[in-house]
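Here is how the chains run, residue by residue.
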Amino acid sequence: MNEEKKPEVLKEYAGGWMTERQGQPIPTFLKIAFPIIGLSSVSYLVIYMNGETTHSERGPLVQAFNRATTSADPLMYIVAALAFVFVVVAATYAVRKSDH
């Protein structure tokens, strides 16, 4: 029986800090962690886009600052929507890539 070993195809990222082996599945915890972290980040952005206005100490200062400056709510909603789309695409890619 003559078995020839194929050389492993490795891809290195971040100067060798991360290594990817061809054909290895994406770990399940990453499939779960990426969408959770991404959706948490998007929700944090939407909830606190105008600052923490309800805080007992900083709230009045944040409210005064918000009254003195103009609001960028439409831009922040666009950024949040783009971030949400990225999370959905990344999660979809992770699930599809694991099937191949």
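## Observations regarding the overall build of the protein
So, point 1. When helices and strands are counted, the protein shows 3 helices and 2 strands.
So, point 2. In the protein, the succession of helices and strands from N to C terminus is β-β-α-α-α.
So, point 3. For 100 residues, the compact-globule estimate of 2.2 N^0.38 gives 13 Å, and the protein exceeds it by more than 25% at 22 Å.
So, point 4. Taken along its principal axes, the extent of the C-alpha atoms in the protein is 80 × 25 × 20 Å.
So, point 5. Within the protein, buried positions represent 9% of all 100 residues.
So, point 6. Long-range pairs, those at least 24 residues apart, make up 46% of the contacts in the protein with a sequence separation of at least 6.
So, point 7. Here the protein has roughly 8,800 Å² of accessible surface; of this, 64% comes from carbon and sulfur atoms.

## Some thoughts on the packing of aromatic side chains
For any pair of aromatic rings, the description rests on two quantities: the centre-to-centre distance and the angle between the ring planes.
So, point 1. For the coordinates displayed, the defined rule picks out 1 aromatic pair.
So, point 2. Ring plane angle 50° and centroid distance 5.0 Å describe the contact between Y44 and Y48, whose orientation is recorded as tilted.
So, point 3. For Y44, a relative accessible area of 54% puts it in the exposed group.

## Here's the deal with the environment of L82
So, point 1. Inspection of the secondary structure puts L82 in helix α3 (residues 73–99).
So, point 2. Put simply, L82 and V42 are 40 residues apart on the chain and 9.4 Å apart in space, counted from C-alpha to C-alpha.

## So, a nonpolar patch on the surface
So, point 1. Side chains of L39, F84, V85, V88 and V89 sit close together on the surface and give an oily, nonpolar patch of about 420 Å² of accessible area.
So, point 2. Ranked by the residues each element gives to the nonpolar patch, the list is headed by α3, at 4 residues.

Rules behind the numbers
Residues numbered from 1 in each chain as written. Predicted model: local features only at pLDDT ≥ 70, side-chain atom pairs only at ≥ 80, totals over all residues. Heavy atoms only, no water. Helix = DSSP H or I, 4+ residues; strand = E, 2+ residues; numbered from the N terminus. Rg over C-alpha atoms; globule rule 2.2 N^0.38 Å. Buried < 20%, exposed > 50% of the residue type's maximum accessible area, 1.4 Å probe, protein only. Contact = heavy atoms within 4.5 Å. Areas by Shrake-Rupley, 256 points an atom, 1.4 Å probe, with all protein chains shown as cover. Phe/Tyr/Trp six-rings, centres within 6.5 Å; stacked < 30°, edge-to-face > 60°. Patch = residues over 30% accessible without salt bridge, like charges linked within 9 Å, V, L, I, M, F, W, Y side chains within 5 Å. Salt bridge = Lys/Arg side-chain N within 4 Å of Asp/Glu carboxyl O.

That is the geometry; function is a separate question.
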